[in-house]
Amino acid sequence: DIKGFTFDLDGVITDTAKFHEQAWKQTAEEVKTPWSDQLAADLKGISRMDSLEMILKAGNHEKSYSHEEKVALADQKNKKYQQLIKQLTPADILPGMEKLLNDLKSAGYQMSLASASKNAPGILKQLGISDYFKGIVDPATLHAGKPDPEIFVRAGEILGFRAEEMIGLEDAPAGIKSIKGAGQTALGIGPATKTAVPDLYFDNTAEVSLAAIKERMA
Ligand code: B16
Ligand code: MG
């Protein structure tokens, strides 16, 4: 029996991807990496430092950046990002997601957050939905980011259920791999997740409801 849900944030609960993209684009310009939709898609769910490494690699830079320079570039990106997410309000919750959280809570399910974002606690606050979650994994304490299972294992530990009793929700292939590695049921949202073969699939957040999930699990 399903008892809990482990949620990704960006792309599942709210679309912060557009702000990440806007901020990373500036970094890419600065280090002269050509921007592409593929690069933007590959960065989804990937931690801040790993994202920077991918951008540097995509540019085939002759110059190698020192650790200090990388930290400075990542800090710069985060400042820009934090500036952009100041405008987030409850109206920015993706279609269907507040109803889902509400229905899950009413039905007695427990929820935790498995976001790679160090900005996640602030984002939940701005969206007005912090109280739905029993806890948030602190990504600063992880040894490896998505696709490693660790973050969803930890989100499961917050709830205290067995892996088979939990469903993880993700919009990125790296996240689906992480959920499956943790032994939870992987619910994929959007065509990009198909490459990682989610256990349950929905085209968009509006289609994800407790009723639809129950129907497909039956
Ligand atoms: P931060 P998620 C991820 O969020 C984003 O998809 C990814 O683009 C970002 O680099 C990562 O969080 C780290 O975010 O720089 O705020 O710590 O999809 O795991 O909710
Ligand atoms: Mg995501």
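The rules behind the values
- Residues numbered from 1 in each chain as written.
- Chains lettered and ligands numbered in written order.
- Predicted model: local features only at pLDDT ≥ 70, side-chain atom pairs only at ≥ 80, totals over all residues.
- UniProt positions renumbered as here; feature names shortened; annotations may be inferred.
- Core = buried A, V, L, I, M, F, W, Y, C linked by C-beta atoms within 7 Å.
- Buried ≥ 20, exposed ≤ 12 C-beta atoms within 10 Å, placed from the backbone.
- Helix = DSSP H or I, 4+ residues; strand = E, 2+ residues; numbered from the N terminus.
- Contact = placed C-beta atoms within 7 Å.
- Axes fitted to C-alpha atoms, helices over the stretch in contact; angles between N-to-C directions.
- Parallel < 35°, antiparallel > 145°, perpendicular 65-115°, else oblique.
- Left-handed = near helix turned anticlockwise from the far one by under 90°.
- Nonpolar A, V, L, I, M, F, W, Y, C, P; charged D, E, K, R; others polar.
- Pairing = 2+ DSSP bridges.

Listed under Sequence similarities (unreviewed entry) in UniProt, the entry text for the chain is "Belongs to the HAD-like hydrolase superfamily. CbbY/CbbZ/Gph/YieH family."

As a further point, take the nonpolar core. Among the nonpolar cores identified, the biggest contains 51 residues, and Phe-7, Leu-9, Leu-113, Ala-114, Phe-152 and Leu-169 are the most heavily contacted of them. The leading source of residues in this core is helix α7 (residues 150-159), at five residues. Once you skip the residues sitting within four places of it in the chain, Phe-7 turns out to touch Val-12, Ile-13, Met-111, Leu-113, Ala-114 and Leu-169.

This part covers the UniProt feature "binding site: Mg(2+)" (unreviewed entry) in the chain. Taking the UniProt record as the reference, the feature "binding site: Mg(2+)" (unreviewed entry) is found at Asp-8, Asp-10, Glu-170 and Asp-171. Across 164 residues, the annotated set stays spatially compact, with a maximum C-alpha separation of 8.8 Å. Note on placement: Asp-8 falls in the loop between β1 (4-7) and α1 (17-30). Of the residues examined, Asp-8 has 31 C-beta atoms within 10 Å and is grouped as buried. Once residues within four sequence positions are removed from consideration, Asp-8 is found in contact with Ala-114, Ser-115, Leu-169, Glu-170, Asp-171 and Gly-175. A count of 31 C-beta atoms within 10 Å places Glu-170 in the buried class. The contact partners of Glu-170, leaving out residues within four places of it in the chain, are Asp-8, Val-12, Gly-175, Ile-176, Ile-179, Ala-186, Gly-188, Ile-189 and Thr-193.

Turning to the packing of helix α3 (residues 48-58) against helix α4 (residues 67-85), a few remarks are in order. Where α3 contacts α4, the two axes come as close as 10 Å, and the packing angle between them is 110 degrees. Here α3 lies roughly perpendicular to α4, going by the angle between them. Considering only the axes of α3 and α4, their crossing is right-handed. Contacts between α3 and α4 involve Arg-48, Met-49 and Leu-52 on the former and, on the latter, Lys-70, Leu-73, Ala-74 and Asn-78. In the contact of α3 with α4, the residues fall into four nonpolar, one polar and two charged.

Taken together, the six strands give an open sheet; going across it, the order is β3-β2-β1-β4-β5-β6, and neighbouring strands pair in parallel fashion. Edge positions in the sheet fall to β3 (135-136) and β6 (200-202), since each of these pairs with one other strand and no more.

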